[in-house]
Every structure is written in structure tokens, then in C-alpha cells.
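Now for the letters of each chain:
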Amino acid sequence: MTAVYLDFNATAPVRPAARAALNALLDRVGNPSSVHAAGRAARADLEKARDAVAALVGVVPGSVTFTSGGTEASALAIESAVAARFERILLGATEHDAVWEAAHVTGLPVEVWPVDADGVADLAWLDEALVRPGRALVCLMMANNETGVIQPVAEAGAKVRAANGWLHVDAVQAAGKVVIDFSALQADTLSLSAHKIGGPQGVGALVAGTRATLTRRQHGGGQERGRRAGTENLPGIAAFGAAAREALAGLQALAAQAAWRDALQARLEAAGATALGKDADRLPQTLCVASEDWPAETQVMIMDLGGVMISAGAACSSGKVKPSRTVEAMGRPDLAPYSIRISGGWSSTEADWTRAGDVWLEAQARRRPKIREVA
Ligand code: PLP
């Protein structure tokens with residue numbers, strides 16, 4: 001039996017159209033900065049990709065700056081807000097490390113913006129925080145990488161704009177999974193990553209509105225209108241563009257995946273698992289469940305042995321498993337070590353979701369008698 005991959009929130013399989021675009025560019029010569037025919041063709045490919053990424057979030061192509069990924073895009077946004085003399089940061093409690101750490105290294109005062117039990121940011125807290133002195137950079141992710149919980153970004157955007165703040169939105173997980181209309185969000189900057197939508201790893205983009213002035217993050221060349229020096233990763237960017245085009249066209253099909261996710265959720269809940277964020281608006285293809293006293297790493301290993309690849313809710317970096325900040329912020333630190341994430345995407349099938357349930361339930365049934373023996 002072939003293995004099932006249900007870890008799209010970590011990275012998605014590369015779409016055939018993205019692979020074709022990447023290979024086509026590898027087979028051709030041309031630096032987008034060269035003025036000869038090959039250079040002009042390369043420039044045209046770069047701009048075609050920019051058009052596709054812009055269309056994914058409903059902006060004009062000039063708003064898009066290509067980067068090495070979602071992490072760099074958020075770093076560019078936060079550094080730009082610091083350069084624009086914003087004085088403090090209001091930081092969503094469940095932000096990804098890409099934003100969390102970039103905010104903390106600025107040296108600006110950081111206030112953590114709490115979430116409710118479903119993982120949704122508390123807008124009343126934002127109202128109070130925005131009236132305190134100091135121009136605020138506000139960081140709120142569009143959808144959480146662990147739970148898939150979607151934040152009230154447009155509501156926050158209206159408040160931040162009224163307070164003359166800067167709203168940065170990490171939309172790395174939301175892109176290609178739900179509709180994103182940048183202007184409706186009233187965001188100032190928004191980050192994207194190719195490898196979460198079926199493009200290659202190591203490519204991303206920062207979308208910036210007219211109020212945001214981006215800094216020069218890297219010196220040494222005029223690429224990306226001086227915002228990011230260095231010859232562009234054209235094959236990767238072209239593949240990002242192809243993936244963005246397909247992700248946009250596939251939004252409706254992906255939305256239907258919620259039915260398969262919900263069916264799995266119901267099976268696991270019936271067996272005693274707790275689904276996190278299930279009462280909030282969620283991405284259609286993400287499920288985060290915790291089972292008390294069954295460590296997440298053990299569940300991931302057992303699922304892997306059964307041919308199903310998923311993630312622990314806890315992020316693993318440099319060999320150390322950190323408890324999930326997201327689950328802790330939702331007021332369930334007790335569940336943090338036991339939460340797993342199952343996430344599908346463009347190539348997932350109903351059979352994949354069913355198999356995940358079969359393997360998990362079988363492992364749980366094997367485990368149950370042992371628990372009783374110990375007791
Ligand atoms: N933001 C979120 C919410 C993510 O899930 C990730 C990746 O896991 C990132 C940012 C980082 O993106 P990249 O891997 O492209 O740097």
C-alpha cells in the first residue's frame with residue numbers, strides 16, 4: 001500500500017504545473033536583469049509569475065516582492081515597520097515563530113494579544129491596546145498552522161487602520177486554502193510561501209499596500225525594485241506562479257475537503273480525542289486533535305509505521321520538541337504535549353482521510369488494553 005501524506009501544512013507536494021514551470025526555466029538561460037533577448041524572456045517569466053501571485057490575493061502585481069519564503073517575507077514586513085518608526089508591537093498569541101521571533105528581536109515593546117478557547121484573537125483586547133500611546137505594528141496571522149483556525153483579520157484591519165497602525169498578516173497557511181482579498185483585509189503587508197500551495201520550498205512573497213514603505217533588506221543590487229538585492233530565483237518563482245494559478249482555481253474543490261476532515265474528526269472524537277478550534281472558522285483541510293496521555297510524538301511514529309504521515313502539534317526545531325504555543329494560548333496547556341495535526345491539500349483523497357482514521361483507531365485500540373492493565 002502506498003503511504004498517505006497528510007502533512008500539507010508542513011509542506012505540500014509540488015503540483016505538476018509548478019514542476020513543469022520550474023523545469024522549463026532550468027532548461028533556458030537568462031537573467032531577468034539582462035537586456036538581450038534571453039534576459040527579456042526571463043523578465044517576462046518573472047512578471048508572469050508576479051501577476052499570478054498578485055491574483056491569488058487580489059492585488060496589482062507591483063505590490064508583490066519575491067523573497068526566499070514566508071519567514072523572510074514576515075521579517076521584511078516587521079523590519080520595514082521598525083524602520084518606519086512604529087513604536088510597539090501587538091503580537092497574536094498563536095503566531096508562527098517566523099513572526100513571533102522576528103517581532104521579539106526588534107527590541108520594541110511586545111504585547112501578546114490573547115485568543116479565546118477556540119484560538120480566535122480577542123477583538124475587545126485590540127480596542128483597548130490600540131488606544132494606548134505609541135504607533136503600533138499589529139501582527140495577526142490569517143490562519144493558524146496547527147489548528148487551521150481563521151482569525152478575524154478584516155475586523156482587526158479596520159481597527160488598526162483607524163488607529164493609524166500597521167497590520168501585518170501572515171497568510172502562509174491561508175493562501176490557496178481560502179479566498180484572500182488583500183484590500184478587504186485593510187492589511188498593510190501580507191506574507192506568502194510557495195511550498196504551502198504546491199510550489200517549491202525556498203520561495204515566497206511579501207505583498208505590501210500603498211501605505212507601507214518597505215526597507216532594503218538585502219543590499220547589493222536593484223532587484224525587486226531595490227527591496228531585495230540578488231539575482232531572482234527565477235525557476236522557483238515561475239513555479240510559485242504556476243502553483244498560485246492552480247491554487248486559486250482549486251479553492252472550491254479544496255473547500256469540499258472539509259467534509260472528509262469532519263468525518264475523521266467525528267471518528268476520533270467518538271474515540272475520546274479532543275478536537276481543537278473546532279467551533280471556530282477553520283481551514284477546510286486541517287484537523288488538530290489531542291488525546292490525553294498519548295504523547296504526540298508516539299502518535300506520529302505509530303501513524304508513520306502504519307503508512308500515514310502527519311505532524312505533532314508541537315513544533316520540532318533543532319532536535320527539541322517545544323510544547324505548542326497555540327494550544328497553550330487556547331488555555332489547554334494540559335493538551336499541548338498530546339496534540340497532533342492532520343492536514344490535507346490539493347492531491348488528497350477521501351481514502352487518505354479514511355486511512356488516517358483507520359490507522360489511528362487501530363493503534364488506539366491496541367493501546368487501550370495496556371492502559372487498563374497498568375490501572
Ligand atoms: N508562517 C506560517 C504560519 C507557517 O506555517 C510557516 C511554515 O511553516 C511559515 C510562516 C514559514 O514559511 P517558510 O517555510 O516559507 O519560511
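Rules used in this analysis
Starting from 1, residues in each chain are numbered consecutively following that chain's sequence as written. Side-chain atom pairs in this predicted model are given and counted only at pLDDT of 80 or more, local residue features only at pLDDT of at least 70, and totals for whole chains, interfaces and linings cover all residues. Working from all heavy atoms in the structure, the side-chain values ignore hydrogens and water. Working definition: helices are DSSP H or I runs of at least four residues, strands are E runs of at least two. Numbering for both runs from the N terminus. The term polar contact refers here to a pair of N or O atoms within 3.5 Å; inside protein, the definition further demands a hydrogen-donor-capable atom paired with an acceptor-capable atom, and it admits residues adjacent in sequence only when both atoms are side-chain atoms. The contact criterion used is simple: two residues touch if any of their non-hydrogen atoms lie within 4.5 Å. We call a residue near a given molecule or strand whenever any one of its heavy atoms falls within 4 Å of it. Every accessible area reported is derived by Shrake-Rupley at a probe size of 1.4 Å, with residue values counting cover from the shown protein chains alone. Residue type decides the class: Asp, Glu, Lys and Arg count as charged, Ala, Val, Leu, Ile, Met, Phe, Trp, Tyr, Cys and Pro as nonpolar, and the leftover types, Gly among them, as polar. Joining through side-chain atoms within 4.5 Å is the link that ties buried Ala, Val, Leu, Ile, Met, Phe, Trp, Tyr and Cys residues into a set, and such a set is a nonpolar core. When a residue's accessible area, from a 1.4 Å probe over protein chains only, is under 20% of the maximum for its type it is buried; when over 50% it is exposed; and in between it is partly exposed. Criterion used throughout: strands pair if DSSP finds at least two bridges between them. Angular values range over 0 to 180 degrees, each being the angle between N-to-C directions of two axes fitted as lines to C-alpha atoms, with helices fitted over their stretch in contact. In a left-handed crossing the near helix is turned counterclockwise from the far helix by less than a right angle, and in a right-handed crossing that turn is clockwise. Convention used here: angles under 35 degrees read as roughly parallel, angles over 145 as roughly antiparallel, angles from 65 to 115 as roughly perpendicular, and any remaining angle as oblique. Two rings belonging to Phe, Tyr or Trp (six-membered ring only in the last case) form a pair when the distance between their centres is within 6.5 Å. Interplanar angles under 30 degrees mark stacking, angles over 60 mark edge-to-face geometry, and anything in between is tilted.

Draft legend 1. Here's a closer look at the side chain of His-195. When you line up the elements, His-195 lands in the loop between β7 (189-193) and β8 (204-208). Side chain to side chain, His-195 and Thr-11 meet in a polar contact 2.7 Å long. Among residues more than four places away in sequence, those in contact with His-195 are Ala-10, Thr-11, Ala-12, Pro-200 and Gln-201.

Draft legend 2. Up close: the site of the ligand. Every one of the 13 residues lining the ligand counts as a neighbour, but Thr-71, Asp-170, Gln-173, Ser-193 and Lys-196 are closest to it. Side-chain polar atom of Ser-193 to an oxygen atom of the ligand: 2.6 Å apart, as the coordinates give it. In this structure, His-195 approaches the ligand through a side-chain N or O atom, which is 2.9 Å from an oxygen atom. Across the complex, the protein chains shield 85% of the 400 Å² of accessible surface that the ligand would expose by itself. Among the residues making up the shell around the ligand, the classes are represented as three nonpolar, eight polar and two charged.

Draft legend 3. Main features of the nonpolar core. Among the nonpolar cores identified, the biggest contains 57 residues, and Phe-66, Val-138, Met-142, Ile-180, Leu-190, Leu-192 and Phe-240 are the most heavily contacted of them. In contact with Leu-192, other than residues within four places in its own chain, are Val-53, Val-57, Gly-69, Gly-70, Ala-171, Val-172, Ala-175, Gly-204, Ala-205, Val-207 and Phe-240. Counting 23 residues, the second-largest nonpolar core is a separate cluster that includes Ala-275, Leu-287, Val-300 and Ala-312.

Draft legend 4. Examining the sheet that holds strand β9 (residues 274-275) more closely. The antiparallel open sheet is built from four strands, whose spatial order is β9-β10-β15-β12. The sheet is open, and its two edges are formed by β9 and β12 (311-312), each paired on a single side. Pairing of β12 with strand β15 (residues 339-343) involves two bridges; the strand directions are antiparallel. Note that in β15 the partner of Ala-312 across the bridge is Ile-340. Packing of helix α11 (residues 296-305) onto the sheet brings it into contact with β12 and β15, and relative to β15 it is tilted by some 40 degrees.

Draft legend 5. Quick peek at the sheet that holds strand β5 (residues 136-139). Read from one edge to the other, the open sheet built from seven strands follows the order β2-β8-β7-β6-β5-β3-β4, with strand pairing classed as mixed. Taken across any chain shown, the strands that pair with only one partner, and hence form the sheet edges, are β2 (64-67) and β4 (110-113). Pairwise comparison of adjacent strand axes, ignoring direction, gives a mean angle of 20 degrees for this sheet. Note that β2 and β8 share four bridges and pair antiparallel. Bridged to Val-64 within β8 is Val-207. In this fold helix α4 (residues 97-104) packs onto β3 (88-92), β4, β5 and β6 (166-170), with an angle of close to 160 degrees to the strand it touches most, β3.

Draft legend 6. Expanded view of the packing of helix α2 (residues 37-57) against helix α8 (residues 234-249). Look at α2 against α8: their axes get within 8 Å of each other, and the N-to-C directions meet at 35 degrees. The handedness of the crossing between α2 and α8 comes out as left-handed. Where α2 approaches α8, its residues Ala-42, Asp-45, Leu-46, Lys-48, Ala-49, Ala-52, Val-53, Ala-55 and Leu-56 are matched on the opposing element by Leu-234, Ile-237, Ala-238, Phe-240, Gly-241, Ala-244, Arg-245, Ala-247 and Leu-248. Looking at the contact of α2 with α8 residue by residue, the classes come out as 14 nonpolar, one polar and three charged.

Draft legend 7. Here's a closer look at the packing of helix α1 (residues 16-26) against α8. In contact at an axis separation of 8 Å, α1 and α8 are set at 155 degrees when each is read in the N-to-C sense. Put simply, α1 runs roughly antiparallel to α8. In terms of crossing hand, the pair formed by α1 and α8 is right-handed. Of α8, the residues touching α1 (which contributes Ala-17, Ala-18, Ala-21, Leu-22, Leu-25 and Leu-26) are Leu-234, Pro-235, Gly-236, Ala-238, Ala-239, Ala-242, Ala-243 and Glu-246. Considering only residue class, the contact of α1 with α8 consists of 12 nonpolar, one polar and one charged.

Draft legend 8. Just the packing of aromatic side chains, in detail. Per the stated rule, a full pass over the model turns up five aromatic pairs. Taking 6.1 Å as the distance between ring centres and 70 degrees as the angle between the ring planes, the aromatic pair formed by Phe-66 and Phe-240 counts as edge-to-face. Of this pair, Phe-66 sits in strand β2 while Phe-240 sits in helix α8, and the two are 174 residues apart along the sequence. The class for Phe-66 is buried, based on a relative accessible area of 2%. Judged by centre distance (5.3 Å) and plane angle (50 degrees), the ring pair of Trp-294 and Trp-360 falls under tilted.

Draft legend 9. Representation of the environment of Asp-181 within the structure. Within the secondary structure, Asp-181 sits in the loop between β6 and α7 (182-185). C-alpha separation for the pair Asp-181 and Val-59, spaced 122 residues apart in sequence, amounts to 7.8 Å.

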